[in-house]
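The chain contents come next:
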Amino acid sequence: MNGTEGDTTGDERVDAALARLTELEQAPLTEHPAVFADVHRRLQEALTGLDEGAS
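The rules behind the values
- Residues numbered from 1 in each chain as written.
- Predicted model: local features only at pLDDT ≥ 70, side-chain atom pairs only at ≥ 80, totals over all residues.
- Heavy atoms only, no water.
- Salt bridge = Lys/Arg side-chain N within 4 Å of Asp/Glu carboxyl O.
- Buried < 20%, exposed > 50% of the residue type's maximum accessible area, 1.4 Å probe, protein only.
- Helix = DSSP H or I, 4+ residues; strand = E, 2+ residues; numbered from the N terminus.
- Contact = heavy atoms within 4.5 Å.

A. Spotlight on the pattern of salt bridges. According to the stated counting rule, one finds 6 salt bridges in the structure shown. For the salt bridge of R13 with D11, the shortest nitrogen-to-oxygen distance reads 2.8 Å. Owing to a relative accessible area of 40%, R13 belongs among the partly exposed residues under this scheme. With a closest N to O distance of 2.9 Å, E23 and R20 form a salt bridge. The class for E23 is partly exposed, based on a relative accessible area of 37%. Residue classification places R20 among the buried residues on the basis of a relative accessible area of 18%. Three or more residues are tied together by salt bridges with common partners; here these are R20, E23, D38, R41, R42 and E45.

B. Up close: the environment of V39. Among the secondary structure elements, V39 is positioned in helix α2 (residues 32-54). Given a relative accessible area of 6%, V39 falls into the buried group. Between the C-alpha atoms of V39 and A19, which are 20 residues apart in sequence, the distance is 8.9 Å. Leave out the neighbours within four places in its chain, and V39 touches A17, R20 and L21.

C. How the structure looks around the environment of E45. Along the chain, the position of E45 falls in helix α2. A C-alpha to C-alpha distance of 9.4 Å links E45 and V14, two positions 31 residues apart in sequence.

Shown next as structure tokens:
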């Protein structure tokens, strides 16, 4: 992934989380922490899902 449009990770959950980051360009600075928190939560859930699938 080099940050160009069309790049994907191969995991829909991760791609959806990273897509939220594009909202930062238009969002006021005061909304950035909420976006980052949501992306972090989504990525944690994706990782937890990987752990649960390995058991």
